[in-house]
Amino acid sequence: MELILADINGNDIKNLVFSSADFDIGGENDFEITIALEEWQSEIDFNCRVYEPDSECGGVINAIETNTQDKTVKIKGYTWRGLLAKRIITPPTGSNYLIVSGELNNVISQVIGDMYDNVLQASIENTGKSITKYQFDRYCTVLDGLTKMLKSIGYKLRIRYKQGELYSGSFAEISAVPITDYSNEIELSQDSRLNFTIEINRGSVNHLICLGKGELKEREVIDLFLQKDGSIGDEQYYTGIEEIAETYDNSNSDDLRTDGIKHFSELIQGKSLAMDVESLGIDVEIGDIIGGRDYITGISVKKALASKIVTYETVKSVQYNLEE
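Let me sum up the structure you'll find in this document. (Residues numbered from 1 in each chain as written. Predicted model: local features only at pLDDT ≥ 70, side-chain atom pairs only at ≥ 80, totals over all residues. Heavy atoms only, no water.)

**Observations concerning the pairing of strand S3 (residues 20–25)**
Burial analysis of S3 places five of its six residues in the buried class, the great majority of the element. Sheet analysis places S3 next to strand S4 (residues 30–36), joined by four bridges and oriented antiparallel. Residue pairing across strands places Ser20 opposite Thr34, the latter belonging to S4. Linking S3 back to S4 in an antiparallel pair, the connection comprises four residues, with Gly26 at a positive phi of about 95 degrees. (Buried < 20%, exposed > 50% of the residue type's maximum accessible area, 1.4 Å probe, protein only. Helix = DSSP H or I, 4+ residues; strand = E, 2+ residues; numbered from the N terminus. Pairing = 2+ DSSP bridges.)

**Quick notes on the sheet that holds strand S10 (residues 120–122)**
Either a parallel or an antiparallel arrangement is found when strands of a sheet pair, and the pairing is made through backbone hydrogen bonds. Spatially, three strands are ordered S10-S14-S13 in an open sheet, and the strand pairing comes out mixed. Strand pairing shows two members of the sheet lacking a second neighbour, S10 and strand S13 (155–162), which therefore form its edges. Mean inter-strand twist for the sheet, computed between neighbouring axes without regard to direction, equals 35 degrees. As defined by bridge partners, S13 adjoins strand S14 (residues 171–178) across eight bridges and the pair is classed as antiparallel. Counterpart to Arg160 in the pairing with S14 is Glu173. Sheet strands in contact with helix H2 (residues 104–112) are S10, S13 and S14, and its direction is about 140 degrees off that of S14. Here helix H3 (residues 142–151) sits on the sheet and contacts S13 and S14; the angle it forms with S13, its principal contact strand, is near 125 degrees. (Axes fitted to C-alpha atoms, helices over the stretch in contact; angles between N-to-C directions. Contact = heavy atoms within 4.5 Å.)

Next comes the structure, spelled out in structure tokens:
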């Protein structure tokens, strides 16, 4: 894995010498790179960038941790997707919502504007696909807003770091591309001769009691239930010993049901799929559909990719985590 260090303006400095690297993309949206103390490079500083060319692996350094016992230095920060998650889409003055229309990449450009000092830029390519009068949720993050908008029409966010000429500057390019369903092309199973793990966890919350405005018996209460297919509904599916309940307290909510569903979705732990990306031989991106089947237990998975953790020590590996 080649990682390049660039300065605060995006000018390449040198190839980074490191022991291990970990990029969480779509989950925590952060990174950690470990460097042996004797290989520390003095050019490394806060707000410098690290990146793998033409890849989403990269970000901006915002923490440096020295461990004299282990004789290592760790540099940490937000990935490009993490930076999108740290800014908020606000309604224009005098409006209740931000509403947009136009070609997808142009809309992305409108939304991010000059938030990121050109560190993140929208692609100038015309996708040939437009959206009309899309209404963003109030005060959602840029990442959530753009992801939800694109998903509504079968598209996803793609982020690739574009390497410029020496001293000409580089940037993370954001673009809209169609979601790909890889489960129609390949089923990951024992027949694929891949090393993989599939996990189903039914030990998470399946009954959420949402508590809203009001006091005592006048308080707004909504019961939400996890369904067999993983969706959230009003009818209880898991009962008896299988019921696992929690409360969600939000006395300031103007839309308790919507807020409750959002919170519930964050609590649910469903199916996960992990495999060796080198054996897979395809570049699955956040939002794409992948699937797997274990013939021993009969467990099968077909879900959208929610996040992936890219790790490099002696070899590069990727763990895929699926949407609930």
